[in-house]
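Chains, contacts and geometry: an overview
Listed below are the residues making up each chain.
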Amino acid sequence: MTFATTASTIDYWSMIFVFMLATFIGIGVIRRVSRLLHTPLMSLTNAISAIAVVGAIIVAGGEQYPTYVRVLGAIALFASMTNIISGFLITERMLKMFKTREEAK
Amino acid sequence: MQAFLIEASYLAGTALFIFSLHWMSDPKTARKSVAAGALGMLLAVLATWFRPEVTRHLWIIIPIVLAIGPGMWLANVPLTAVPQRTAISHAFGGLAAGLVGTAEYFYWFHMEPEMFTSFRTIALILEILLGFLTFTGSLIAAGKLQEIKWIPQRPWVYKGQQAVNGGAFALTLLLGFLLVLWPDRAWSPFVFILLIIMALNFGWMLVMPIGGADMPTVIAILNSYAGLSAVAMGFVLDNKLLITAGALDGSSGLILAIIMCKAMNRSFFNVLFGAFGQVKQQSATGEQKEYKSETPESAAAILEQANLVVIVPGYGLAVAQAQHKVRELYDSLKKRGITVKFAIHPVAGRMPGHMNVLLAEAEIPYTDLIEMEEINPDMSQVDVCLVVGANDVVNPAAEHDKTSPIYGMPIIQADKARTIFAIKRSKNPGFAGIDNELYFSDKTWMLFGDAKAVVGELVKSLSGGGMH
C-alpha cells in the first residue's frame, strides 16, 4: 500500500515530470496552430493519440500473455491501427485542399 | 543495443510528433506535419514490434491488415461527415486504451500481482475510466452529429439527473478506492468489471444531456480524454512516448474546447451540465416583425455595384451542398474586380475549423478566409454582406440584448455593412431557436430559398448581366 521502493518512486516522479512538461509544450505549440487548420489538427492528433498502439502491440504480441489477454490486445491494435491509417490519410487529404490564390488557379 | 535502439526510436518519435504539431501553425508548412507525424508513428510501431518479448507476430499482422479497410473508408468520408468520423475515431482510441488496461489488469492479477503498486493501480483505473467513457460518449456524439433518429438532438434531461450522476460518481470513487486498497483479492476482478460498466455508462450519461449545437465543444473534450487515457496507459506501462504523445493530444483537445467555449460565450461547466436547450424557447415571443424580401436578380444587380463583398457562411451552406455554387459566385464577382472575403466564425460548422475545410474543398483560396476578430473592424467598409446559412453568429442581439440567450457571444458584425442579404431556407428560427434581429434591419433583404438554388440564381443573373 506504500509507493513501493525508493527506486520506483523516483521513476513515478520522472513520469509525472514528463507529463507536465509535455503538456506545457503541447499547449504552447497548439496555441500557435492556424485557426484555418483546426479540423485537420484534430484528425492529426487523433492519429497521434493512437500511440496506444504501443500498448496494444505489447499485449497482442508479447510472449508471456495468455490467449484471452492477447485477444483484447488484438482488438485494441485493430482500433488504434484504424485510427493511425484514417487519421494521417484524412489529414493529408484535407491539407491538400488549402491553396493560395495562385495555387488554386 | 536493442534496448538503446528502442528507446532512441521513442525519443525520435516524440520529437517528430512535436514538430508535426508545430508545422500546423501555417498552411504552407502543414503538409510536412503529416509526414513527420506518420514517420514518428512508424518508428514507434517498429520499435515496439522489435521488443524482445514481442514474438507472436501473427497476432500483430492480422489486426493491422484488418484495419486497412476501415481505415481507408474512414479517411474518405465526405467532408461534411468529418465531425462524425472524428468522434468515431475518438471512440476507437478510447476503446483501445480501455482494452489494453483491462488486459494488463487481468494479466497482472493472474501472473504478477506484485505489479499492483498504488501508483500503477490508480493509473490503471484512470486509463479504463477515461478509455471506456470516451468510447461510449464518442459513439453518442457521433450519433448526434450523424442525426441518427433514436438519439435525440435536443438535450436529454430528466428529473433528478444531477442526483443520479452524483450517486454514480460517488459509487465509482468508492469502487476505485476498494481496488487501490485490494487489487489482488479473489473478488477484485469483480470490482474491476463494475468499474468498466460504470465508465461505459458515464460516457453516454455525460453526452446525452448535451444538445446538438454544443457537439463541437464535446468532441474537443473527448479528444482531450482520448489523449489523457493514453497518458494513463503510459504511466501503467512505464512508457514515456505514450505519456508525451498523449499529453500533446490532451492539451490540443483542451485548447480547442476552450476556443469553442469562448466563441459561444459559455463556460466548460455550462456546456457539460447546462442543458442549453431549455432556456432557449422564451425569447421566441414578442411582436410579429416583418421581413423584407428581394429577388436574386435585383440582389445580383446590387452585388455588381459593390467594391467589397463579405460572405458569412454557416453550416446551412454545407447542408445545402452550396460550397461549389458559392465558389462560382466568388469567381464571377472576382472577375468584375470586386474584392470578396469570407468571414469565418469559430463555431461556423460542426467542429473546430470545419467551415474552412468545407470552403477549401470548393477551392476557395484560404487567403480569403478571414477570422471573425480580423474582419470585424473592417465590417463598416463592406458594401454588401451576404449571409449564407448562418444565423446566430450574425445576430446583433448577442451584443446588446441582455435577455437574449446568446447575449455575450462574439458575433460577426454583419449589421455594420451597408447592405445585407441573408439567404434563408424558411422563416423558422435557427439552431438556437431564437429570432435574428439582423433580418429585420432596414438594411437587410432576405433571399428565401435553398442556399444552393439561390446562390445559383445569383451567379446566373451576374453572368447574364455581364453579356450586355
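The structure contained in this document is the topic of the report that follows. Because the structure is a prediction, the values reported are computed rather than measured.

Definitions and limits used
Residues numbered from 1 in each chain as written. Chains lettered and ligands numbered in written order. Predicted model: local features only at pLDDT ≥ 70, side-chain atom pairs only at ≥ 80, totals over all residues. Heavy atoms only, no water. Helix = DSSP H or I, 4+ residues; strand = E, 2+ residues; numbered from the N terminus. Buried < 20%, exposed > 50% of the residue type's maximum accessible area, 1.4 Å probe, protein only. Contact = heavy atoms within 4.5 Å. Areas by Shrake-Rupley, 256 points an atom, 1.4 Å probe, with all protein chains shown as cover. Axes fitted to C-alpha atoms, helices over the stretch in contact; angles between N-to-C directions. Left-handed = near helix turned anticlockwise from the far one by under 90°. Pairing = 2+ DSSP bridges. Buried area = accessible area lost by both parts, 1.4 Å probe. Salt bridge = Lys/Arg side-chain N within 4 Å of Asp/Glu carboxyl O. Polar contact = N/O pair within 3.5 Å; in protein donor to acceptor, adjacent residues only side chain to side chain.

We now examine the overall build of chain A. Helices and strands together make up the secondary structure of chain A, namely five helices and zero strands. Tracing chain A from N to C terminus, the helices and strands come up as α-α-α-α-α. The burial tally for chain A puts 59% of its 105 residues in the buried class. The contacts in chain A between residues at least 6 apart in sequence include a share of 57% that link residues at least 24 apart. Summed over all atoms, the accessible surface of chain A reaches about 4,200 Å², with 70% contributed by carbon and sulfur.

This next bit is on the packing of helix α4 (residues 67-97) of chain A against helix α3 (residues 58-75) of chain B. For the pair α4(A) and α3(B), interaxial distance at closest approach is 7 Å and the crossing angle is 35°. In the packing of α4(A) onto α3(B), the handedness of the crossing is right-handed.

Our next topic: the sheet that holds strand β3 (residues 369-371) of chain B. In a beta sheet, neighbouring strands are held together by backbone hydrogen bonds and run either parallel or antiparallel to one another. Residue and element names in this part refer to chain B. An order of β3-β2-β1-β4-β5-β6 is seen for the six strands of this open sheet, with the pairing classed as parallel. A strand with exactly one partner marks an edge of an open sheet, and here the two such strands are β3 and β6 (444-448). Taken over all neighbouring pairs, the strand axes of this sheet differ in orientation by 25° on average, direction set aside. Relative to strand β4 (residues 384-388), strand β1 (residues 308-313) is paired through five bridges, and the arrangement is parallel.

Once that is clear, we can look at the interface of chain A and chain B. Each side of the interface is counted separately: chain A has 89 residues, and chain B has 113 residues. Taking both sides of the interface into account, the surface hidden between chain A and chain B amounts to around 9,000 Å²; carbon and sulfur atoms contribute 75%. Together, Arg35(A), Met42(A) and Ile51(A) form the three largest contributors to the area buried by chain A at its contact with chain B, with a combined 8%. There are four salt bridges connecting chain A and chain B. The partner of Arg31(B) in a salt bridge is Glu92(A), and the shortest N-O contact between them spans 3.3 Å. One can count 23 residue pairs in polar contact (both at pLDDT 80 or more) joining chain A with chain B. Every element with two or more residues in the side of chain A that touches chain B is listed here: α1 (6-31), α2 (38-49), α3 (53-61), α4 and α5 (101-104) of chain A. Among the elements that line the side of chain A that touches chain B, the one with the most residues is α4(A), at 30 residues.

Moving on, we come to unusual backbone geometry. Residues and elements named next belong to chain B. The phi angle at aspartate 238 is positive, at roughly 60°, despite the residue not being glycine. A positive phi angle is found at glutamine 321, which is not glycine, with a value near 55°. Within the element layout of this structure, glutamine 321 appears in the loop between α12 (315-319) and α13 (323-335).

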